[in-house]
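Spelled out, the chains give:
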Amino acid sequence: VDSSTATGLKWATPSSSSGPTLVDYTPTFTNFTLGNGTAITKWYDASSTMFYIYVNITYGSTSTQSGALRVSTPATTAGDADAAVAGQMVIAKFCDVSAGKDYQCYAAAGTNTSLQLFSYDVTTSPARNGAVNDTTPVVPATGDELFIQGWLRKA
């Protein structure tokens, strides 16, 4: 803080970067074609052992999904996120924009270079999971969004 102003305080310019730099990566998708939709993808290499991933997909009128959705990772993972690999946590959310509903999801490593998405359905008893696909949690429509973010351990 610089105290040389008439009011006594003002914000000083930081001397260095205040956080990590997220860089773009170009994922590949399985059972999904982006078409005229948009995808914002970023990742950050936090250390020699961990990396952060962020994906935001907005479905367009020509986006198509034909089965279980997978997205590639920017680095090879240490293993399946379902297999209790220490430090891995990837959450997701599917937003049905027209209905105003959000569906909580998560991602597990389908392979060491891709994530498979699952929807957590609390409306069933007992609660169960299903692969995010062309009908689960709902049929995707123009404007719907899918957010994926989390930390993964590198191989």
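Calculation notes
Residues numbered from 1 in each chain as written. Predicted model: local features only at pLDDT ≥ 70, side-chain atom pairs only at ≥ 80, totals over all residues. Heavy atoms only, no water. Phe/Tyr/Trp six-rings, centres within 6.5 Å; stacked < 30°, edge-to-face > 60°. Helix = DSSP H or I, 4+ residues; strand = E, 2+ residues; numbered from the N terminus. Buried < 20%, exposed > 50% of the residue type's maximum accessible area, 1.4 Å probe, protein only.

**Points about the packing of aromatic side chains**
For step 1, the next point in the chain: Enumeration according to the criterion identifies 6 aromatic pairs in this entry.
For step 2, the next point in the chain: An angle of 80° between the planes, with centres 5.5 Å apart, marks the rings of F32 and Y59 as edge-to-face. Separated by 27 residues along the polypeptide, F32 in strand β2 (residues 29–33) and Y59 in the loop between β4 (50–58) and β5 (64–72) bring together distant segments of the chain. Y59 carries the same exposure label as F32, and that label is buried.
For step 3, the next point in the chain: On the numbers, 5.4 Å between centres and 20° between planes, the contact of Y106 with F118 is stacked. Here Y106, found in strand β7 (residues 101–111), pairs with F118, found in strand β8 (residues 114–121); they are 12 residues apart in sequence, far enough to count as distant.
For step 4, the next point in the chain: In this structure Y106 comes out as partly exposed when scored by relative accessible area, which is 21%.
For step 5, the next point in the chain: One aromatic cluster in this structure is built from F29, F32, Y59 and F94.

As far as function goes, none of this settles anything; it's purely spatial.
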